[in-house]
Amino acid sequence: MNYSCNKAATKYFPLPWRFSQQSVADALSASLDRLQVASVALYQVHWPLSFLLSQQDLMQALAAEVKRGRIGAVGVSNYSASQMRQAHGYLAEQGVPLAVNQVQYSLLNRKIETSGVMATARELGVTILAYSPLAQGLLTGKYTPDSDLKPAGARRISPSFSQENLTKLKPIIQALKEIGQEHGRTSAQVALNWLVAQGNVLPIPGAKNARQAAQNAGSLGWQLTIDELDQLDRLTQDYR
Ligand SMILES: NC(=O)c1ccc[n+]([C@@H]2O[C@H](COP(=O)([O-])OP(=O)(O)OC[C@H]3O[C@@H](n4cnc5c(N)ncnc54)[C@H](OP(=O)(O)O)[C@@H]3O)[C@@H](O)[C@H]2O)c1
């Protein structure tokens, strides 16, 4: 069977009033209309929420859409190790793989390495889509305790962007910069490349403009050395 589809990826939010399998199909129809495509490559469940529609029924509805050709692959987001295993099992009953779990993962948030999410994803063949892979811009190195540059939006009041935290991050920011210089790359590219080097990980950095998007794309096609990976690993052990 040929499930050729558009390259777009989007998400499904399990809202309380989406309580039937038909409502999953309707939500997908509305997404396809908005995107003006006949199908999406990846359709992800945004949060592991279950109201009146059980996870089993939700996964069955998504598997049916794969077979119908409107979804190329099924993903989940913010699922724990056990929730991911359960979703994987319900999909497997329908002969459909679980393609991705989109979770927060960066050098400054390595919790999936200790929570079981990473190990389970590897065991099940699930790709980790790493969101906030630049720690919302911190790993670009442009926000420093001495600079006048302040982040926009909610980051202004986030403890992560406080003077105190920016000072604490200095050794990591310095290492990213120095490693980048060795490769003719930016700190952001090094931080993203470290994620790619973990194997089953695909970072999805946000970009405010074309320059950032182009730079982030430059995190692919080259490799950090084993020593550099080890150095970054050691410097960020506290974030596991
Ligand atoms: N599944 C979920 O629940 C969930 C939750 C959160 C986010 N996400 C997704 O994850 C993706 C990215 O996460 P995120 O935006 O939170 O964090 P991020 O990718 O870690 O950081 C993105 C921010 O860093 C700055 N930046 C990016 N590239 C840069 C570069 N090359 N040079 C300098 N600055 C750069 C930009 O902000 P400034 O220029 O303003 O600093 C940009 O908005 C988004 O697509 C988002 O939809 C998913």
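Please refer to the structure higher up on the page.
Predicted, not measured: the structure shown is a model, and the values here were computed from it. (Residues numbered from 1 in each chain as written. Predicted model: local features only at pLDDT ≥ 70, side-chain atom pairs only at ≥ 80, totals over all residues. Heavy atoms only, no water.)

## A short note on unusual backbone geometry
So, point 1. Of note in the backbone geometry, glutamine 36 takes a positive phi value of approximately 55° without being a glycine.
So, point 2. If you trace the backbone, glutamine 36 turns up in the loop between helix H1 (21-35) and strand S2 (40-45).
So, point 3. One non-glycine residue, asparagine 78, lies in the positive phi region at around 65°.
So, point 4. One can find asparagine 78 in the loop between strand S3 (71-77) and helix H3 (81-93).
So, point 5. Asparagine 78 sits in the buried class, given a relative accessible area of 16%. (Helix = DSSP H or I, 4+ residues; strand = E, 2+ residues; numbered from the N terminus. Buried < 20%, exposed > 50% of the residue type's maximum accessible area, 1.4 Å probe, protein only.)

## Focus on the layout of surface pockets
So, point 1. Size it by volume and the largest pocket reaches roughly 460 Å³.
So, point 2. Lining the largest pocket are 22 residues, with Leu134, Gly137, Thr140, Gly206 and Gln212 positioned closest to its centre.
So, point 3. For the lining of the largest pocket, the elements supplying multiple residues, two or more each, are helix H8 (187-196) and helix H9 (210-217).
So, point 4. When residues of the lining of the largest pocket are assigned to their parent elements, the largest contribution, four residues, is made by H9.
So, point 5. A class-by-class count of the residues in the lining of the largest pocket yields eight nonpolar, ten polar and four charged.
So, point 6. What the second largest pocket holds in volume is close to 220 Å³.
So, point 7. For the second largest pocket, the lining is made up of 14 residues, of which Gln104, Leu108, Ala135, Leu138 and Ser160 are closest to its centre.
So, point 8. In terms of residue class, the lining of the second largest pocket is built from six nonpolar, eight polar and no charged. (1 Å grid on protein atoms, 1.4 Å probe; cavity = no way out; pocket = protein on both sides within 12 Å on 5 of 7 lines; lining within 4 Å. Points joined across faces, edges and corners; volume = space filled by probe spheres on them. Nonpolar A, V, L, I, M, F, W, Y, C, P; charged D, E, K, R; others polar.)

## Focus on the pairing of S3
So, point 1. Where burial is concerned, most of S3 is hidden: five out of the seven residues are buried.
So, point 2. Viewed along the sheet, the connection from S2 through helix H2 (residues 55-68) into S3 turns out right-handed.
So, point 3. Looking at chain direction, S3 and strand S4 (residues 98-104) are connected through four bridges and run parallel. Considered in S4, the bridge of valine 76 is made with asparagine 101.
So, point 4. Taken together, S3, H3 and S4 constitute a β-α-β crossover, and its handedness is right-handed. (Right-handed = clockwise from strand over helix to strand, strands pointing away. Pairing = 2+ DSSP bridges.)

## Some words on H3
So, point 1. Taking 1.5 Å per residue as the helical rise, H3 with its 13 residues ought to reach 18 Å, and the 19 Å between its terminal C-alpha atoms agrees with that figure.
So, point 2. Residues of H3 that are buried include every one of Ala81, Met84, Ala87, Tyr90 and Leu91, and no others.
So, point 3. If you follow the buried residues of H3, they end up packed against H2, S3, S4, helix H4 (112-115) and helix H5 (117-124).
So, point 4. Just beyond H3, the residue with positive phi is glycine 95, at close to 75°. (Expected span 1.5 Å × (residues − 1). Contact = heavy atoms within 4.5 Å.)

## Regarding the pairing of S2
So, point 1. Taken across its six residues, S2 has five buried, putting it largely inside the fold.
So, point 2. In the classification by handedness, the crossover that spans strand S1 (residues 9-12), the intervening H1 and the parallel S2 is right-handed.
So, point 3. Across five bridges, the pairing between S2 and S3 is parallel. Residue leucine 42 lies in a different strand from S3, and its bridge partner there is alanine 73.

## Notes on the pattern of salt bridges
So, point 1. Considering all chains together, one arrives at six salt bridges under this definition.
So, point 2. With a closest N to O distance of 3.1 Å, arginine 68 and glutamate 65 form a salt bridge. Here arginine 68 pairs with glutamate 65, and both are found in helix H2, just three residues apart, close to one helical turn.
So, point 3. Where arginine 70 meets glutamate 65, a salt bridge forms, and the shortest distance between an N and an O atom there is 2.8 Å.
So, point 4. Linked by salt bridges that have partners in common, Arg110, Glu113, Asp233 and Arg240 make up one network. (Salt bridge = Lys/Arg side-chain N within 4 Å of Asp/Glu carboxyl O.)

Everything listed is a geometric property; what it means functionally is a separate question.
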